[in-house]
Amino acid sequence: MEAGFLQHGRFQALLDVLHGCGYRCIGPQVRDGAIVYDALSTCRELPQGVRDLQSAGSYRLERTSGLRYFGWANGLQALKPMVFAPEETLWRVQRADDGALRFSASRPSFANLAVIGVRACDLAALALLDRHFLGTAVADPCYAARRSGMFLVAVHCSDPSGSCFCASTGDGPQASGGFDLALSELDEGFIVETGSARGADTVAGLGLEPVTASQRDAAARQIDTARARQRRGLPSRDLRAALVSNPEHPRWEQVAQRCLACGNCTSVCPTCFCHAVCDSMELDGSAGAHARIWDSCFTAGHSQIHGLTVRPDTRTRYRQWLTHKLGSWHEQFGRSGCVGCGRCISWCPAGIDITEEAAAICSGSSDG
Ligand code: SF4
Ligand code: SF4
């Protein structure tokens, strides 16, 4: 619901309100030549007048003369590390004086986070992670603890990168739900929409101005332009049949010749949730801990079952990634696991493009 217009120079007031409500604000910032999420105290830390140039195997930031805070597409990571920690101790065990083992769940407490600048594709990915971690009879307690206190301020995309293809997956560039507030950034300020009661409460005292018809038109136009500027796309939203019917397509071997099996793609992917477990013990056996750590279907260990490596080479591991992400996710979650953020394209050191590989394999032609 449209709440009003916030002048650009008053953006700090929104951060102040969030801080005042007890949130720890996290927002996009430039670090080492990339945009990452980090603790945000003032709007001066936002990537103002910055745009990102992304393509296969390439990510670069460039200064512009503009004053917008969100004139770029996306950074290295989405929301995944904030809710599903890269490494996390799940339980500990202690040997008592009588020799009995005492197990205790590890439940760190988390500050309530307000995340500023969330993209539509990131919200779609978060909805998928919610279904995975919370949508079963037993919710993941660590994920639930982090997720429950999260306040999300989305910003509709006006400047997609060369790697983005959220229009073809139906997940962007406009955020359609899952946020507390959503902003359309114009040169002079922000159209503010509310998506929850707490979002409405947050902006109630900000003294927002009425939105004019020309501001509304400009916001709609820039979303249409952002959609039209996307040059990449998946051949269809449901590639189950096409992928499953092509397990021996020569393209799997061709892409394996280029793929380094580094796992960058699964690490930056906002929906990949595979993990490994790691048990550690004190040398004297007095205590131990059980942790989960992000894993990737590109590692040998991840395809080991009872001493057998079921996917022994990069061809079968890449095939597993693509057929799961774009195929069998439909059976698990009713949709593909790709939200079109393009991160796996930009951050792949070999410049492998999931949209190209999917199109080649699903075309069925053996010359790729
Ligand atoms: S597709 Fe690219 S990012 Fe993914 S494992 Fe292969 S080389 Fe690494
Ligand atoms: S598969 Fe690639 S483009 Fe799709 S959601 Fe994951 S990182 Fe983004």
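Once a new chain begins, its residue numbering starts again from 1 and follows that chain's sequence as written. Starting at A for chains and at 1 for ligands, labels are handed out in the order in which the entities are written. Residues qualify for local features only when their pLDDT is at least 70, as the model is predicted, and side-chain atom pairs are given and counted only at 80 or more; totals for whole chains, interfaces and linings, by contrast, use all residues. Where side-chain values are given, they derive from all heavy atoms of the structure, hydrogens and water being excluded.

(A) How the structure looks around the side chain of Thr271. In DSSP terms, a helix is any run of H or I states spanning at least four residues, a strand is any run of E spanning at least two, and both are numbered starting from the N terminus. Looking at the element boundaries, Thr271 is found in the loop between helix H10 (264-268) and strand E12 (275-281). Any pair of residues with heavy atoms lying within 4.5 Å of one another is described as a contacting pair. Excluding residues within four positions of it along the chain, Thr271 makes contact with Ala125, Leu128, Leu129, Lys325, Trp329, Gly337 and Val339.

(B) Structural view of unusual backbone geometry. A cis geometry characterises the amide bond from Gly172 onward to Pro173, with omega recorded as 5 degrees. Mapped onto the elements of the fold, Pro173 is located in the loop between helix H5 (166-169) and strand E10 (181-186). A positive phi angle, near 50 degrees, is found at Asp32, a position not held by glycine. Assignment of secondary structure puts Asp32 in the loop between strand E2 (24-31) and strand E3 (34-39). Accessibility here uses a 1.4 Å probe with only protein chains present; expressed as a share of the type maximum, an area under 20% marks a residue as buried, one over 50% as exposed, and anything in between as partly exposed. When its relative accessible area of 86% is taken as the criterion, Asp32 is described as exposed. Even without being glycine, His306 reaches a positive phi, approximately 50 degrees.

(C) Fine view of the sheet that holds strand E8 (residues 113-118). Within the open sheet, the seven strands sit side by side as E1-E11-E10-E9-E8-E2-E3. Their pairing is mixed. Among the strands making up the open sheet, the edge pair consists of strand E1 (2-7) and E3. Strand after strand, the sheet turns through a mean of 25 degrees between neighbouring axes, direction not considered. Pairs of strands are assigned from DSSP output, requiring at least two bridges between the strands. By the bridge criterion, six bridges tie E10 to strand E11 (residues 189-194) in an arrangement that is antiparallel. Every axis in this analysis is a line fitted to C-alpha atoms, fitted for helices over the stretch in contact. Angles between the N-to-C directions lie between 0 and 180 degrees.

(D) Here's a closer look at helix H1 (residues 11-20). Within the span of H1, buried status applies to Phe11, Ala13, Leu14, Leu15 and Leu18. Backbone geometry just downstream of H1 places Gly22 in the positive-phi region, at approximately 95 degrees.

(E) Summary view of the site of ligand 1. Residues in close proximity to ligand 1 include Cys259, Leu260, Ala261, Cys262, Gly263, Asn264, Cys265, Phe298, Tyr318, Cys348, Pro349 and Ile352, which together make up its full environment. When its residues are assigned to classes, the shell around ligand 1 shows 10 nonpolar, two polar and no charged. It suffices for a single heavy atom of a residue to lie within 4 Å of a molecule or strand for the residue to be listed as near it. All amino acids are sorted into three groups, where Ala, Val, Leu, Ile, Met, Phe, Trp, Tyr, Cys and Pro are nonpolar, Asp, Glu, Lys and Arg are charged, and the leftover types, Gly among them, are polar.

(F) Examining the domain arrangement of the protein chain more closely. Split by domain assignment, the protein chain resolves into domain 1 (2-229) and domain 2 (240-363). Boundaries between domains were set according to an automatic or database domain assignment. In this structure, domain 1 and domain 2 have C-alpha centres spaced 25 Å apart. Contacts between domain 1 and domain 2 engage 43 residues on the former and 40 residues on the latter. Accessible area that two parts lose when put together, with a 1.4 Å probe and added across both, is what the buried area reports. Here domain 1 and domain 2 share an interface that buries about 3,500 Å² over both sides, 58% of which is from carbon and sulfur atoms. For Asp122, the salt bridge goes to Arg343, with nearest N and O atoms at 3.2 Å. Pairs of N or O atoms are called polar contacts if they sit within 3.5 Å, as long as, within protein, a hydrogen donor faces a hydrogen acceptor (for residues adjacent in sequence, only side-chain-to-side-chain pairs). The interface formed by domain 1 and domain 2 includes 28 residue pairs in polar contact (both at pLDDT 80 or more). Its residues assigned to classes, the side of domain 1 that touches domain 2 shows 22 nonpolar, 12 polar and nine charged. Put simply, a salt bridge is a Lys or Arg side-chain nitrogen that is within 4 Å of an Asp or Glu carboxyl oxygen.

(G) Fine view of the site of ligand 2. Around ligand 2 sit Phe165, Cys269, Pro270, Trp321, Cys338, Val339, Gly340, Cys341, Gly342, Cys344 and Ile354, and those are all the residues in its vicinity. Here the shell around ligand 2 is composed, by residue class, of nine nonpolar, two polar and no charged.

(H) Here's a closer look at the packing of helix H3 (residues 120-134) against helix H11 (residues 314-333). Their axes nearest at 12 Å, the elements H3 and H11 cross at an angle of 55 degrees. The pairing of H3 with H11 is recorded here as oblique in orientation. As H3 packs across H11, the resulting crossing turns out to be left-handed. Residues Leu128, Arg131 and His132 of H3 touch H11, and the partners they reach there are Trp329, Gln332 and Phe333. Split into classes, the residues belonging to the contact of H3 with H11 amount to three nonpolar, two polar and one charged. Orientation categories follow fixed angle ranges, with anything under 35 degrees roughly parallel, anything over 145 roughly antiparallel, 65 to 115 roughly perpendicular, and all other angles oblique. Handedness of a crossing follows from how the near helix is turned relative to the far one, being left-handed for an anticlockwise turn of less than a right angle and right-handed for a clockwise one.

(I) Fine view of the packing of H3 against helix H4 (residues 141-148). The contact between H3 and H4 brings their axes to 9 Å, and the two run at 140 degrees. Taken together, H3 and H4 sit at an angle that is classed as oblique. Between H3 and H4 lies a crossing whose hand is left-handed. For the pair formed by H3 and H4, the contact residues are Leu126, Leu129, Asp130, Phe133 and Leu134 on the first element and Tyr143, Ala144 and Arg147 on the second. Along the lines of polarity and charge, the residues of the contact of H3 with H4 split into six nonpolar, no polar and two charged.

(J) The packing of aromatic side chains, seen in detail. Working definition: rings of Phe, Tyr and Trp (its six-membered ring) pair if their centres are within 6.5 Å, and the pair is stacked with planes under 30 degrees apart, edge-to-face with planes over 60 apart, and tilted otherwise. Summed over the entire model, instances satisfying the criterion amount to 20 aromatic pairs. On the numbers, 6.4 Å between centres and 55 degrees between planes, the contact of Trp252 with Tyr318 is tilted. Here Trp252, found in helix H9 (residues 250-258), pairs with Tyr318, found in helix H11; they are 66 residues apart in sequence, far enough to count as distant. Trp252 sits in the buried class, given a relative accessible area of 0%. Ring centres 4.6 Å apart and planes at 40 degrees place the aromatic pair Trp329 and Phe333 in the tilted group.

(K) Spatial organisation of the nonpolar core. In this description, a nonpolar core means a group of buried Ala, Val, Leu, Ile, Met, Phe, Trp, Tyr and Cys residues linked to one another through side-chain atoms lying within 4.5 Å. The biggest cluster of nonpolar side chains holds 31 residues, and the ones touching the most others in it are Met82, Val115 and Leu152. Among the secondary structure elements, those contributing two or more residues to this core are helix H2 (80-83), E8, H3, strand E9 (151-155) and H11. Counting residues per element, this core draws most heavily on H3, at nine residues. A domain-level breakdown of this core finds at least three residues from each of domain 1 (2-229) and domain 2 (240-363). Those residues in contact with Leu152 that lie beyond four places of it in its chain are Leu79, Val115, Val118, Leu123, Leu126, Arg147, Gly178, Phe179, Asp180 and Leu181.

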